[in-house]
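The chain contents come next:
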Amino acid sequence: MTRTLTLLGIESSCDDTAAAIVRHRPGHTAEVLASDIVGQTSLHAAFGGVVPEIAARAHVERLDGCIERALAEAGICFADLDAIAVTAGPGLIGGVLSGAMMAKGLAAGLGLPLVAVNHLAGHALTPRLTDGIAFPYLMLLVSGGHCQYLRVDGPDEFHRLGGTIDDAPGEAFDKIAKLLALPQPGGPVVETEAALGNASRFDFPRPLLDRPGCDLSFSGLKTAVLRARDALIAEKGGLTVQDRRDLCAGFQAAVAEVLAEKTRRALAMTALDGPPLSVLAVAGGVAANRAIRAMLETVCSANGVRFLAPPLRLCTDNAAMIAWAGIERFRMGLIDDATFAARPRWPLDTRAPALIGSGKKGAKG
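How each quantity is defined
Residues numbered from 1 in each chain as written. Predicted model: local features only at pLDDT ≥ 70, side-chain atom pairs only at ≥ 80, totals over all residues. Heavy atoms only, no water. Helix = DSSP H or I, 4+ residues; strand = E, 2+ residues; numbered from the N terminus. Expected span 1.5 Å × (residues − 1). Bend = angle between axes of the 7 residues up to and from the residue. Buried < 20%, exposed > 50% of the residue type's maximum accessible area, 1.4 Å probe, protein only. Polar contact = N/O pair within 3.5 Å; in protein donor to acceptor, adjacent residues only side chain to side chain. Core = buried A, V, L, I, M, F, W, Y, C linked by side-chain atoms within 4.5 Å. Contact = heavy atoms within 4.5 Å. Pairing = 2+ DSSP bridges. Axes fitted to C-alpha atoms, helices over the stretch in contact; angles between N-to-C directions. Parallel < 35°, antiparallel > 145°, perpendicular 65-115°, else oblique. Left-handed = near helix turned anticlockwise from the far one by under 90°. pLDDT = per-residue confidence, 0-100. Phe/Tyr/Trp six-rings, centres within 6.5 Å; stacked < 30°, edge-to-face > 60°. Lys NZ or Arg CZ within 6 Å of the ring centre and 35° of its normal. 1 Å grid on protein atoms, 1.4 Å probe; cavity = no way out; pocket = protein on both sides within 12 Å on 5 of 7 lines; lining within 4 Å. Points joined across faces, edges and corners; volume = space filled by probe spheres on them. Nonpolar A, V, L, I, M, F, W, Y, C, P; charged D, E, K, R; others polar.

> I'd like a rundown of helix H4 (residues 119-131), residues and numbers included.
Helix length check: H4, at 13 residues, gives a terminal C-alpha distance of 19 Å against a target of 18 Å (1.5 Å per residue), a fit within 8%. Roughly 40° is the biggest bend found in H4, and it falls at Leu 125, with proline Pro 127 one to four residues downstream. Within H4, eleven of the 13 residues are buried, which leaves it mostly tucked inside the rest of the structure. The complete set of buried residues in H4 reads His 119, Leu 120, Ala 121, Gly 122, His 123, Ala 124, Leu 125, Thr 126, Pro 127, Arg 128 and Leu 129. The backbone nitrogen of Leu 120 lies 2.8 Å from a side-chain oxygen of the residue at the head of H4, namely Asn 118. Phi turns positive, to about 60°, at Gly 132, one or two residues after H4.

Structure, rendered in structure tokens:
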């Protein structure tokens, strides 16, 4: 299929309500004509994390406004669309259902094709939206609910090299912030505190580095930080500002070192199956962490691999990545109808065995 395509993308898998318009002409870089995202941080702040029922209701209330604003920003109307792409999973099922039902209703009313997109595929294909890189490439998806290494061979071809068996890194950052009485979302706050701390003060573990492979675990690291915090409180009767900063710095350093070593292993594993991959792409909110990004860039430089991280607005949850993944699938003839199901769990690599554990967006796999 060689004609220009313009798709509406809808994303509602967790706590960001988003709509976007993406246009692609074969042989040219894709254009993000509009991207509208409405966060829900203030709605969940009092609860220390995302409340699924509140998130789902907010999506229902906000989706139509997001879509209207995206169309207006792009300067187009529904008649200019070729199809509608929507996140069909994995995610908080109430949120996924909200977006799916909106997309189904619009498609039925407008007579447009539907493309059901795996949220993780949206992240994994983002480097092709932003930089037009060719297949195959290595993707590290590192976010609040997911963490896995993927060899991306095509729009619907993903080979998982490893992933987290419990907490994802972003989830661990949020939990560390909570146990240190820091505000949510925890990632940016912990990073800010860590920049003023001493990363070598505490001897935190580097989980699973003593085992081969690329699987990850951060639950034990989180527990080690908790025990160190409790020991300080028992000794001093509380935490000083510097104690908190040092705990954050030690935790962040451990996460960065684990991801760096697992990335080295992932690059080595791909080299065993054929020519070495020339690109490591990183997506997900944790990719914005400067310390982690610096460690990954060092690994790539040492291995002669290009490091690629899309702009932050396209690393975190957004609808532009869903629209782009929809375009990739639409060109392959992978079109759905109104019978597609919203899925709380949806592995990208269906051949790989399921990983143990679950997080914000369901089982890690």
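> If you had to explain the nonpolar core to someone new, which residues and values would you point to?
By size, the foremost hydrophobic cluster in this structure holds 51 residues, and its most contacted members are Phe 251 and Leu 259. Elements represented by at least two residues in this core include exactly strand E6 (137-142), strand E7 (147-154), helix H5 (169-179), helix H6 (186-194), helix H7 (219-236), helix H8 (241-272), strand E9 (279-283) and helix H9 (290-302). For this core, the element with the most residues is H8, which contributes twelve residues. Setting aside residues no more than four positions away along its own chain, Leu 259 makes contact with Val 142, Cys 147, Tyr 149, Leu 216, Phe 218, Ile 292 and Leu 296. Formed by 37 residues, the second largest nonpolar core is a distinct cluster that contains Ala 20, Leu 150, Ala 281 and Ala 323.

> Can you lay out the sheet that holds strand E5 (residues 114-118) for me, pointing to particular residues and giving the numbers?
Ordered in space as E3-E2-E1-E4-E5, the five strands form an open sheet in which the pairing is mixed. In the strand order of this sheet, the two ends are held by strand E3 (31-39) and E5, each with one partner. Each neighbouring strand pair of the sheet contributes to a mean axis angle of 20°, computed without reference to strand direction. Relative to strand E2 (residues 16-24), strand E1 (residues 5-11) is paired through seven bridges, and the arrangement is antiparallel. The residue bridging Leu 7 from the neighbouring strand is Val 22, located in E2. Sheet contacts for H4: E1, E2, E3, strand E4 (83-89) and E5; angle to E5, the most-contacted strand, approximately 95°.

> So what about the packing of H5 against H7? Which residues, and what values?
Between H5 and H7, whose axes approach to 10 Å, the crossing angle comes to 10°. Relative to H7, the element H5 lies roughly parallel. Note that H5 runs across H7; the crossing there is right-handed. Contact with H5, carried on its side by Lys 175, Ile 176 and Leu 179, involves Lys 222, Val 225, Leu 226 and Arg 229 of H7 and no other residues of that element.

> Explain the confidence of the model for the protein chain to me, and be specific about the residues and the numbers.
Confidence in the prediction for the protein chain averages 93 pLDDT; 97% of positions are at 70 or higher. In this model, residues 358-365 is a region of pLDDT below 50 whose contacts with residues beyond four sequence positions or in other chains number 33 contacts.

> So what's going on with the environment of Ile 93? Residues and values would help.
By the element assignment, Ile 93 lies in helix H3 (residues 93-110). Aside from chain neighbours lying at most four places away, what touches Ile 93 is Ala 342, Arg 343 and Pro 344.

> How would you sum up the packing of aromatic side chains? Please name residues and give values.
Aromatic rings considered in pairs are described by the distance between their centres and by the relative angle of their planes. Scanning the entire structure with this criterion turns up three aromatic pairs. Ring geometry for Phe 173 and Phe 251: centres 4.9 Å apart, planes at 75°, overall edge-to-face. Here Phe 173, found in helix H5, pairs with Phe 251, found in helix H8; they are 78 residues apart in sequence, far enough to count as distant. Using a relative accessible area of 0% as the deciding quantity, one classes Phe 251 as buried. Aromatic side chains Phe 202 and Phe 204 sit 5.5 Å apart centroid to centroid with 15° between the ring planes, which places their arrangement in the stacked category. By relative accessible area, which is 16% here, Phe 202 ends up buried. Its guanidinium or amino end placed over the ring of Phe 340, Lys 104 lies 4.5 Å from that ring's centre, counting from NZ or CZ.

> Talk me through the layout of surface pockets; I want residue IDs and the actual numbers.
The calculated volume of the second largest pocket comes to roughly 270 Å³. If you trace the second largest pocket, you find 20 residues lining it, with Asn 118, Asp 156, Arg 329, Trp 346 and Leu 348 closest to the centre. For the lining of the second largest pocket, the leading source of residues is E5, giving three residues. Its residues assigned to classes, the lining of the second largest pocket comprises eleven nonpolar, two polar and seven charged.

> Break down the pairing of E1 for me, with residues and values.
The element E1 is extensively covered by neighbouring structure, given that seven of its seven residues are classed as buried. With burial as the criterion, each face of E1 is covered, one bearing Leu 5, Leu 7, Gly 9 and Glu 11 and the other bearing Thr 6, Leu 8 and Ile 10. Where E1 folds back onto E2 in an antiparallel hairpin, the turn is made up of four residues. Relative to E4, E1 runs parallel, the two sharing four bridges. Bridge assignment links Leu 8 to a residue of E4, and that residue is Ile 84.

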